[in-house]
Every structure is written in structure tokens, then in C-alpha cells.
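Results of the structural survey
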Number of protein chains: 2
Amino acid sequence: MTKNNSRSKLTIFALGGLDEIGKNMYVVRYGDDIVVIDSGLMFPEEEMLGIDVVIPDVTYLVENQDKVRGILLTHGHEDHIGGLPYILKQLNVPIFGTKLTMGLVEHKLREAHLLNQTKRVLVNNRSEIKLGSIKATFFRTNHSIPDSVGVCLETPEGNVVHTGDFKFDMTPVNGKEADIHKMAEIGQKGVLCLLSDSTNAERPGFTGSEREVGEAIENLFRKSKQRVIVATFASNIHRIQQVVDATCKYNRKLAVIGRSMVNVVNIGMELGYLHVPPDLLIDPDDINRLPAHKVTVMSTGSQGEPMSALTRMAHGSHRKIEILPGDTVILAATPIPGNEKAVARTVNQLFRVGADVFYSNNTQQGVHVSGHGSQEDLKLMLNLMKPQFFIPIHGEHRMLRAHGQLAESIGVPSENIFVCDNGDAVEISGGKARYGTKITTGNVLIDGLGVGDVGNIVLRDRKLLSQDGILVVVVTLSKNNGKVLSGPDIISRGFVYVRESEKLLEEANRIVTQTMEKCANERVSEWASLKTSIRDALGRYLYDQTRRRPMILPIIMEV
Amino acid sequence: MTKNNSRSKLTIFALGGLDEIGKNMYVVRYGDDIVVIDSGLMFPEEEMLGIDVVIPDVTYLVENQDKVRGILLTHGHEDHIGGLPYILKQLNVPIFGTKLTMGLVEHKLREAHLLNQTKRVLVNNRSEIKLGSIKATFFRTNHSIPDSVGVCLETPEGNVVHTGDFKFDMTPVNGKEADIHKMAEIGQKGVLCLLSDSTNAERPGFTGSEREVGEAIENLFRKSKQRVIVATFASNIHRIQQVVDATCKYNRKLAVIGRSMVNVVNIGMELGYLHVPPDLLIDPDDINRLPAHKVTVMSTGSQGEPMSALTRMAHGSHRKIEILPGDTVILAATPIPGNEKAVARTVNQLFRVGADVFYSNNTQQGVHVSGHGSQEDLKLMLNLMKPQFFIPIHGEHRMLRAHGQLAESIGVPSENIFVCDNGDAVEISGGKARYGTKITTGNVLIDGLGVGDVGNIVLRDRKLLSQDGILVVVVTLSKNNGKVLSGPDIISRGFVYVRESEKLLEEANRIVTQTMEKCANERVSEWASLKTSIRDALGRYLYDQTRRRPMILPIIMEV
């Protein structure tokens, strides 16, 4: 068997993560060996009414289960590991990750009763993992969570590098710089194909160092005369560390609030990623026992999530802490697209209860920097790797396109740049790359316990119901002669107030009766067409009167 | 009667526009004379499912109709004039506005069949209007629509100034600078109370000149080798003028697409605010008859609105124009908060069809500047007016607060700054200001033809329905013995696919039957409690099985 026969080509594609932010899942296949990178979830788009989370459709992997050598995890963010509890139920394969990533994953798997059945392998930037004909090594990157890595997959066709999420932080909070030397070495040896993070590909310049945020936070601590409440992403251990440090420096105690924040702090401390002096932490119940200027509170809710700790504090509905006039509240985060209004609402409410609020809009010295590299970071990565082929990943189409242009600007020929959609397979063989057969993929919607049981029809109905509500029309007919025995009764939900619309509903009732009589005269005996007639006549009347189109649900009972 | 008796105090409040963006409506009352400034609408918040627009509750004005001397309009934006067609139905009072503003208003009133019954008075920056004991004069401001004015109300208690929306544009596109001298004069005479635009109070520096956008647009025209498609706010006549100018300069023809854009261009040309050389405009039907490099298209859709011209073009579903690879598309606007995702989706789709897309994220030289003054503009206004009392208006609470701080920074004592909510009445009498009795106000929701008939219960139902759908449970009982004659039938909409959930629904059916039998045994004869039992039992079972809470609607028929 030669390397270039049809079985042994190299195929690279995404099951999630392209033209979207979230549910990252990339697949590299060489012959009969499949390696998966990441397994994320995505939060639902606005139009996915009632949906909790979205994961990739992994049909391809399930069908090729015997070939899947493992899932490599680049870091512990939800959009990279959040799909595991669902996906490992369909696919029992080993997972590989660094210590902190694995700590966060294990917590998830324990909750999903998947911990024992899942083979877990710890890796670090010196590991070499054999995955069939593919060898995986790892290089450390800087990102908004510690222990993030990029992956180099050595395949018989050449090396494939996946950066994970990254930026270059020259003064990282934990002193661990990115493995620039190792990246240079990988680049030196030759990179056949680079997959690189495009999240900030539209942003000029370099992304700032996390340390800048620490300075901004410390300045606010210095000026504060009362409690300081900091809300940030639960997983940003670097930032949490800087809040811990500022708390120490200004002789305060620290209370941690919000389930996910408590969880990350515990895992971070346990695994040695977060250094908290003894006696610094206090129980939230003890906040009110200390003078205000002795207390720091760290909480979730930087995205204005309605049920989060910060939102409840702002509305005075948190059980343990109430915000008092003069408290300092720092939102050390920018809104994720789509959350702008929720964040603004929380900020308004915090001002209203008298807090001094510092957030991205009103604070000159940044209380947030991104964890993703800007254009200059991305060009540095491209120059280190000097790839033959380039696939921009992690991001909406416009970001992938912008990243493609950056690659061109540093000398990657435009025909070697593949701006893909999920499922687009790039096949590389004999040093040539081309698009192969498209792989089936898509969104699997999770609503409660249901995985994939909500599809387009259900969503369309929810959308309809959400706009103008529903009118249920019930009639009971006689089996013998088709005469109306009871009804029509019309019940409305989400359409109009019944009390204020009595006339409208009376007239609606008359129209249904009329329609049924007409159908009876025309000897319409099919229920389906009777229902359609009712729906049409009533729909027309209601639209005419109200310019609304509620869902109309005729129900005919026969006794 | 002396001036300081209880009837003749000066009262200032908002019926809309505070702690929100939109539905601006401010009221100044002296004795028995009420003057209203603006009459805007607001687009619904996300949670206002199915609502089209929101207007202020004007109960106060309706109750005091005989005292309302008129509505003064500062400019022609929807958030300042959009409420008129609804409000003038409840309130027949004269309206006052500049030529362009009135042109836009008249178009609305004609559509609403209110044109003839409404007394309309044209004003300009030299007008003096007697409104009972109040005299109104106007000063020209710069804003993203021409013919914008601020208002000075001379009352026996002192002068009240309302800025309208404004910035200071030192190089305005139409050559009409703001009336800085007149503002200085007003300030010189003494301003008792200033109401000033807070939209950009969190933004440092000065807001750029509209002319900068013209330069950016011209640069893009120069580079374009095919069609140029510019999307912007329909009402931004300055920007439209600059697109017209660039079109002339580069020997193109201009097609205007989108109902609201066509309307504004017509009104703008007719009233002399938009200067378009003869033969420049072409019919959209003729776009394809000209070579690509001879065509400019101006369209609506800069906010990613699903039904707008630009969105339809991006998706290839516009009847008259298809975007071709290499076309230049300029989104000369930034997303209004809440529209970020929709705009991003349109941009992605435009890239996908091969357009060169220029928009705020990827374009260094700005293709948009705000029409609202930043902190330095606002301080300049404050310094020109040197008000004794200050009420920041137009904006969310956080912006009003920020504006309050700016006022403090230029020397207004903090106790003279009133950061208000809608309905908070500031009463000024004898040179002293204090909060008076709160005025009733609020949101009136408009859904189709219904004004105010959708309230909290209907919205709550829509919310519920949108999350997990509805299950309708129908049973027919015998009047004689209460026996089940037909059913229970369960119909689901927006909950689960029936085909994939047969077992679940069968079991649901069994539970309803069981519950009814139990109730029969316990001689529950009240339908209300029977329904509650069904709802409880079924709800519990479904939540247990699916972690969803659909609306459950039991219907019992009796024959």
C-alpha cells in the first residue's frame, strides 16, 4: 500500500466551529485513523426558542467509531469541552487534555455519570501521543484560561497544526509564556496545514496582556472605600488570581458567589492553578459581619444573565448580599455578542441602587482584554508556522475571510487558503489539497433532556406561538348525523385579553359556526378540509380585525 | 394672582425617553399651559414578543387636553416623531416643526388619515411661538438628519432649554453650522433648566464630522471596479447626499431601493434638502442594463433587518438586484444595540456571495459617525448654557448618570442635577427645584392594529409558549353521568415531534385518564379543579421525562 492510495489521504474538516462562535469540533483523518480536536457546545441563537444548548451532529464519528483514536482538548472553555457529556454518550473514546482542562472535564463527566467509563489521558507540552499512524504533540499558548495548548499532528502526509484559542501575552499573569520556541521549531520542520483561531481576525494590532486588567482592577481597589464586587467569566483563572492579589494587597477578605465561579475556584486551587493565601476566603454568609472596606466579592453575572448572582444582587433579590450605595462594582468582561442589552440592563440597575459601576463603556483603563489574538498576533503565528495550506477556524465567515487575507498578506498563496464551512472536507494528498465530499454535520438542539428532538417544525411553531399566541377551537360532533353537540368553544392564549375582546371572540365564534354549516351543506365530510376551512375563515377575519396571525388549532371531537 | 402661587409653578417631566432609547416625549408645564416636546416611538425589547412598536402612555395629556398648547418637534427621527400617528388620535393638538421634520410627519399623518384634522405650524430658527404664557424659540443643531433644532421655552419662572439630539459638527455637509451664537446668547440671558441629549455621554472626546464618512465612502468608490451598494439609515440625508456626490464624481448612476429610503429621498429632494442632478437617478429595473462600474445602489437594511432590501440581496431573494462577486458593499452604519447579531449575519452572507464588504468592524477609516455629541460636545453645550438646573435626557440610566457627572465637572452643583425616570416631575418655583408628585406614564404596546391590548398576561403566555410550546388536552364528558365519551386527545404544538415521541404522548394520555378517574372517584365535580389536577399531573410527568414545561391547556366539553 502506498501512501497516496485513496484510503491514505489526509482529510481535515470541522463538525462545528466554522461560521459560528462555539461548538468547536475539528477532525483530522489519515487512512483509518481519526483524531478529533475539541468537543464544544454553543449557546442558542435568538431564533432557537426554548433551546438550552447546541452541540455538533457527530453522525460521522459514530459511523466511524472504530477508527476514532481519541478526542484532544485544547483548553477548558465550554465552546471546546461543553459538548463532551452529550457526545461521549454516543461515542466511547479516550480523551486527552492538560491537567486543568481535565479537571474541568471530570467535573462535567461526574455529573453526567460518564466519568468511570471514559478513558482519560493527561498531557502536557512534552507529551507525545500515538494515535494510530498519527502522533500528537502539544505546545503551550496564552489564553483567558490557563493550561491552553495548541496541537501538532504528525501524519504520514505531513504535519497539521491546530492552534486552539490563543494570543501572545508577553507578560502572562502566571509567568508561563507561550511556547514560542517550540512553535518556531514546528514551523522549521515544516507545517503542511495550519488551522488557526480567527475570533479577533478583524481587530488590528496586538491583543493586550491580561496583566493590564490587573492594574486597572488594582487602581479601582485603591480608590474604593467600601465593598468591591468583581464580576467576570468564571473560567478566567488569571483574572481571578489578580482579584485575589488585589484583595490581599488591600487587606480585604474574599467571598466567592455563583455556582460556576465556586466550582472553578475550587478546581483551580486544588490543581495548583490558583494561589489563594489561607484565611483569605470567607463564607458569603459572613460578608455582613465585616466592615465594608474589608470585603471583596467575586461573582458570576458579567453577561447580565437574568439568574446570575450579579443580576440578583442588582435587583436586591440575592439572599446573601445586597449592594449598598458607594459599593464599587467592576464588570471585568465585555458583552459577548447578543448579550449587550442584558449587560446594559444590569449596569443601569447597579447605578440605580447607588453603586459606582466600572465597565467597558465608561472605564478608560481597560477592565477587560480579550483572550484571542488580534491581527498582529495572528500574523506572528502564521509567520512562525509558515504553513503550506491554511484553514482559518473558530469564527463567523467574515472573521475566517479576514484571517484568510492576513495569511495572504504574509505570503500564503490564495489558492492554498481554504475558508470552509462545517462539513467542508479539505483532502490533502501528494502535497496537493482540494475539497472532497462534504461531510454531514449540523446543529443538534438540546432542550431539557431532549437531544435532537426539537427540529424545524417545533421551532417554527414556537416562533408562531411567540408572536401572536394561539386560538384553540373545539367542537364536538355527533357520530351519527354530524350535528354539533357542543361548541364551538374558542380558547385564546397569548393572543388578546379575553375580557377586552369579547366582541371579537363572539364574532370569531359566529364565523366558525357559519363555516361549519357551509361545509355541512357542501357535504365536506373530511375533517382535514373542515379544519382547513375553519382555519382560513377565522384567520382571515382575525387578521382583518387585528393585523395579527395567531396559530389557529381546530379540534373536532366525535361522540 | 402672584407668580409663585401653587398653580403657577413650573413642572418638567418625561413621558418617555428616560432610562431607555426611544419614545422621547418631554413635558413642560407652567400654570395652565402645557408644552410637549417630541412624540417618539420605541422598537420593542426582546421580551415584548410579537409587539411591533411601543409608544408612551399619554394619559396625563389626555386628561389635561384643554391645557396642551402644542407638540414641538425637534427633528424627524422615529424616536421623536414616530408616536404621532397614535398619539394624535387621542389628542388633537397643534404640532410645530421645521420644514423637513414636517415633511416627514405629514407623510405619516397622511397614511394615518390624520393630516387634515391636525393643525401644523412650520417653524425655523427665527420663529417665536406663543404657547399661552410660554414663548418658544428654536436654535439649529447638527444631527444625523437635517433641520434639527433645540428649543428654548421662555416661561415666567425662567428659561427652559431642550437640546433635542445634537452634536457639534464644525464642517457640516450642508454647510449649516449649529447656531452657536444663538446658544451663547440664550446662555447669556440665563438658563433656568437645561435638558440635554445623553446618548453618547459615556464616550470620551468629540464626535467626528459627518464629512469624514463622505471621505471614507469616496475612497471606497475610487477603488471599486464594479457596483457599489451603500446601506445606511434611510433618514440620514447628509450621508445620502455624500453618496450622491460620490456617484456623480465617479460617473455612476444611482438606484434607490427600499420603501423608507425612497420616501426620504423623495421628500428630501422635494423640500430642497437633497441635491440630486437630473438624470442621476435610475429605476432599479434598469440596474442590469448598465455596466457594473456605472452603478451605485443605495438601500435600506444597514441593521440587518430580515425583510430589508440589503438582507434580501445578500440571500439572493431580491427581485431586482443580485449581488455579484466583486461588488462593493458598504454598511455605512453601526448596529443599534440589540441588532449586532442580525448585522453580523448579513455581513457573513454578503461575504459568502463574494462581495467586498466594508463595515464598522473591518474598516479603519470610519464608514459611520454618530449623530450624537460625545463628552466634549456635551460639555460645550453645558458651558454655553450654564444652566442653574440640569436634567439629562435621551438615554439609559447609566448614560444619564454619566451626563450628570459631566455637568458636575463644569460646575453645576450636584444637588441641582436631576437624574430622572419617566414620570418623575421636577418642580421649579421661586428659583428652587424639587421632585413633585410622580406622573403616571409607561409603555403602550402596539401589536398590529391593537394599541395597548397586549399586556403582561398575554406577554407571559407568549413567553411560555415560545419556550416549550403547548399541549392541548381535550375530553368530552356526558352531561348525564360524567362519563368520558371521547378523548382524552392530546395535541402538541412547539413541544415535541409527535412522530418521535409517541410513547411519551401515549403515557401522557394514560396519566390524564388516570387523573380523571381518580377525580371521579373523589367526586371532584368542579371543572376548575379537574383541570388543575390534569395540569399538575401531566406537568409533573412531562417535566420529569423531558425537563420541559409546556403550557398545558385542558379543555372539557360536555354533551
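As the structure is a computational prediction, the values presented were derived from the model and not from experiment. (Residues numbered from 1 in each chain as written. Chains lettered and ligands numbered in written order. Predicted model: local features only at pLDDT ≥ 70, side-chain atom pairs only at ≥ 80, totals over all residues. Heavy atoms only, no water.)

Regarding the overall build of chain A
The condition is simple: Counting from the N terminus, the helices are DSSP H or I runs at least four residues long and the strands are E runs at least two residues long. Buried residues are those whose accessible area, probed at 1.4 Å on protein chains only, stays under 20% of the maximum for their type, while exposed residues exceed 50% and partly exposed ones sit between those limits. Contacts: residue pairs with any heavy atoms within 4.5 Å of one another. For the area figures, the Shrake-Rupley method with a 1.4 Å probe applies, and any residue is considered shielded solely by the protein chains shown.
Each helix and strand counted, chain A has 15 helices and 26 strands in total. In terms of overall dimensions, chain A has a C-alpha envelope of 85 × 75 × 45 Å along the principal axes. Taken over 559 residues, chain A has a buried fraction of 58%. For chain A, the share of sequence-separated contacts (at least 6 apart) that also reach a separation of at least 24 residues comes to 71%. As presented, chain A carries roughly 22,800 Å² of accessible surface, and 48% of it is formed by carbon and sulfur atoms.

A look at helix α11 (residues 375-385) of chain A
Residues and elements named next belong to chain A. Within the sequence span of α11, burial applies to Gln375, Asp377, Leu378, Met381, Leu382, Leu384 and Met385. Here the buried face of α11 lies against β9 (134-140), β11 (158-162), α5 (180-189), β12 (193-197), β19 (389-393) and α12 (397-409). Count one or two residues on from α11 and you reach Lys386, which has phi positive near 40 degrees.

Some remarks on the domain arrangement of chain A
Residue and element names in this part refer to chain A. Rules: The split of the chain into domains comes from an automatic or database domain assignment. Summed over both partners, the accessible surface that disappears when two parts come together, traced with a 1.4 Å probe, is what is meant by buried area. Whenever a carboxyl oxygen of Asp or Glu lies within 4 Å of a side-chain nitrogen of Lys or Arg, that contact is scored as a salt bridge. Whenever a nitrogen or oxygen atom comes within 3.5 Å of another N or O atom, the pair is scored as a polar contact, on the condition that within protein one atom can donate a hydrogen and the other can accept it, and that pairs from neighbouring residues in sequence are kept only if both atoms are in side chains. Residues were grouped as follows: Ala, Val, Leu, Ile, Met, Phe, Trp, Tyr, Cys and Pro as nonpolar; Asp, Glu, Lys and Arg as charged; and all remaining residues, including Gly, as polar.
Once the domains are mapped, chain A shows domain 1 (9-205 + 370-451), domain 2 (210-358) and domain 3 (456-558). With centres defined by C-alpha atoms, the gap from domain 1 to domain 2 works out at 31 Å. Opposite the 18 residues of domain 1 that make contact, domain 2 presents 14 residues. A combined buried area of about 1,500 Å² lies between domain 1 and domain 2, and 61% of that area is made up of carbon and sulfur atoms. The three residues of domain 1 that bury the most area against domain 2 are Leu100, Pro146 and Val173, which together make up 35% of that side's buried surface. The interface formed by domain 1 and domain 2 holds one salt bridge in total. Glu111 is the partner of Arg259 in a salt bridge, and the nearest nitrogen-oxygen pair spans 3.7 Å. The tally of links from domain 1 across to domain 2 stands at eight residue pairs in polar contact (both at pLDDT 80 or more). Of the residues belonging to the side of domain 1 that touches domain 2, the class tally is six nonpolar, seven polar and five charged.

Examining the pattern of salt bridges
Under the defined criterion, the tally for this structure stands at 62 salt bridges over all chains. As a salt-bridge pair, B:Asp447 and A:Arg548 come within 3.3 Å of each other at their nearest N and O atoms. With B:Asp447 in strand β22 (residues 443-447) and A:Arg548 in the loop between α15 (527-546) and β26 (551-558), this pair bridges two chains. Take B:Asp447 and A:Arg548: they sit in the same class, and that class is buried. The closest approach of N and O atoms between B:Lys438 and B:Asp424, which form a salt bridge, is 3.0 Å. Residue B:Lys438 is found in the loop between β21 (432-435) and β22, and its partner B:Asp424 is found in the loop between α12 (397-409) and β20 (426-429); the two are separated by 14 residues along the sequence. You can call B:Asp424 buried: its relative accessible area is 17%. Overlapping salt bridges bring together A:Glu45, A:Glu47, B:Lys341 and B:Arg345 as one network.

Brief notes about empty space enclosed by the protein
Residues and elements named next belong to chain B. Basically, it comes down to this: The method works on a 1 Å grid over the protein atoms by themselves. A cavity is a set of points holding a 1.4 Å probe that cannot get out, a pocket is an open set with protein on both sides within 12 Å along at least five of seven lines, and residues with an atom within 4 Å of a point line them. Grid points are joined across faces, edges and corners, and a volume is the space filled by probe spheres set on the points.
Per the stated rule, a full pass over the model turns up three cavities of 30 Å³ or more. Of the volumes computed, that of the largest cavity is approximately 150 Å³. Considering only residue class, the lining of the largest cavity consists of five nonpolar, seven polar and six charged. There are two domains that each give the lining of the largest cavity at least three residues, and those are domain 1 (8-205 + 370-441) and domain 2 (210-358).

Quick word on the sheet that holds strand β1 (residues 10-16) of chain A
Either a parallel or an antiparallel arrangement is found when strands of a sheet pair, and the pairing is made through backbone hydrogen bonds. Residues and elements named next belong to chain A. Quick note on the threshold: Here the rule is simple: two strands pair whenever DSSP picks up at least two bridges between them. Angles shown run from 0 to 180 degrees and are taken between the N-to-C directions of axes, each axis being a line fitted to C-alpha atoms and, for helices, limited to the stretch in contact.
The sheet built from eight strands is open, its strands ordered β7-β6-β5-β3-β2-β1-β20-β21 with mixed pairing. Two strands close off the open sheet at either side, each with one partner strand: β7 (120-122) and β21 (432-435). Strand-to-strand twist of the sheet, defined as the mean angle between neighbouring strand axes without regard to direction, takes the value 20 degrees. As paired elements, strand β20 (residues 426-429) and β21 share four bridges and run antiparallel to each other. Bridged to Ile428 within β21 is Ala433.

Some words on the UniProt feature "domain: Metallo-beta-lactamase" (unreviewed entry) in chain A
Applied cut-off: UniProt positions are given in the numbering used here, feature names are shortened, and annotations may be inferred rather than shown by experiment.
The UniProt record marks residues 22-217 of chain A with the feature "domain: Metallo-beta-lactamase" (unreviewed entry), using the residue numbering of this structure. Helix makes up 24% of residues 22-217 of chain A and strand 28%, whereas the separation of the span's terminal C-alpha atoms amounts to 29 Å.

Things to note about the relation of the copies chain A and chain B
Put simply, the rule is: The copies are overlaid by a least-squares fit using only the C-alpha atoms of residues whose pLDDT is at least 70 in both copies.
For the match of chain A to chain B, the screw axis carries a shift of 0.0 Å, the RMSD comes to 0.2 Å, and the turn is 180 degrees. Overall, the copies show the geometry of a two-fold rotation axis. In terms of proximity to the rotation axis, the leading residue of chain A is A:Ser466, whose C-alpha is 2.3 Å off the axis. The fraction of interface residues of chain A whose copies in chain B are also interface residues reaches 99%, indicating that both copies meet through the same surface.

Description of the pairing of strand β25 (residues 484-493) of chain A
All names here are of chain A. Relative to β25, strand β24 (residues 470-477) runs antiparallel, the two sharing seven bridges. Paired with Leu471 across the strands is Ser492, a residue of β25. Taking the residues between adjacent antiparallel strands as the criterion, β24 and β25 are bridged by six residues, where Gly482 takes a positive phi near 70 degrees.

Overview of the UniProt feature "binding site: substrate" (unreviewed entry) in chain A
Residues and elements named next belong to chain A. Cross-referencing UniProt, the feature "binding site: substrate" (unreviewed entry) maps to Ala234, Ser235, Asn236, His368, Val369, Ser370, Gly371 and His372 in the present numbering. Along the chain, His368 turns up in the loop between β18 (356-358) and α11. With near-sequence residues (within four places) excluded, His368 lies in contact with Val213, Phe233, Arg239, Ala332, Ala333 and Thr334. Within the structure, the side chain of His368 is placed 2.7 Å from the side chain of Arg239, a separation counted as a polar contact. Looking at where Gly371 falls in the secondary structure, it is placed in the loop between β18 and α11. Leave out the neighbours within four places in its chain, and Gly371 touches Asn142, His143, Ser144, Phe166 and Lys167.

Notes on the packing of helix α6 (residues 210-223) of chain B against helix α7 (residues 237-249) of chain B
Residues and elements named next belong to chain B. For clarity, the cut-off: Crossing chirality is assigned from the near helix's rotation relative to the far helix, an anticlockwise turn below a right angle marking it left-handed and a clockwise turn marking it right-handed.
Running from N to C, α6 and α7 cross one another at 30 degrees; their axes reach a closest spacing of 9 Å. Of the two possible hands of crossing, α6 and α7 adopt the one that is right-handed. Every residue of α7 that contacts α6 at Glu210, Arg211, Val213, Gly214, Ile217, Glu218 and Phe221 is listed here: His238, Arg239, Gln242, Val243, Ala246, Thr247 and Lys249. By residue class, the composition of the contact of α6 with α7 is five nonpolar, four polar and five charged.

A few points about the sheet that holds strand β17 (residues 328-331) of chain A
Residue and element names in this part refer to chain A. With respect to topology, six strands assemble into an open sheet ordered β15-β14-β16-β13-β17-β18, the strand pairing being parallel. The open sheet has two edge strands, β15 (281-282) and β18, and neither has a second partner. Helix α8 (residues 259-270) contacts β14 (253-257), β15 and β16 (295-299) of the sheet and is inclined by roughly 120 degrees relative to β14.

Overview of unusual backbone geometry
Residue and element names in this part refer to chain A. For Asp38, which is not glycine, the phi torsion reads 70 degrees and is therefore positive. The residue Asp38 is located in the loop between β3 (33-37) and β4 (53-56) in this model. Unusually for a residue other than glycine, His394 sits at a positive phi of about 55 degrees. Residue class for His394 comes out buried when judged on its relative accessible area of 3%.

Some words on the packing of aromatic side chains
Residues and elements named next belong to chain B. As a reminder of what qualifies: Centres within 6.5 Å are what make two rings of Phe, Tyr or Trp a pair, Trp counting through its six-membered ring; a difference in plane orientation under 30 degrees is then read as stacked, over 60 as edge-to-face, and the rest as tilted.
Enumeration according to the criterion identifies ten aromatic pairs over all chains in this entry. Taken together, a centroid distance of 4.9 Å and an interplanar angle of 80 degrees make the contact between Phe13 and Tyr60 edge-to-face. Within this pair, whereas Phe13 is found in strand β1 (residues 10-16), its partner Tyr60 is found in helix α1 (residues 59-63), the two being separated by 47 residues in sequence. Their ring planes at 75 degrees and their centres at 5.7 Å tell us that Phe166 and Phe168 sit as a pair that is edge-to-face.

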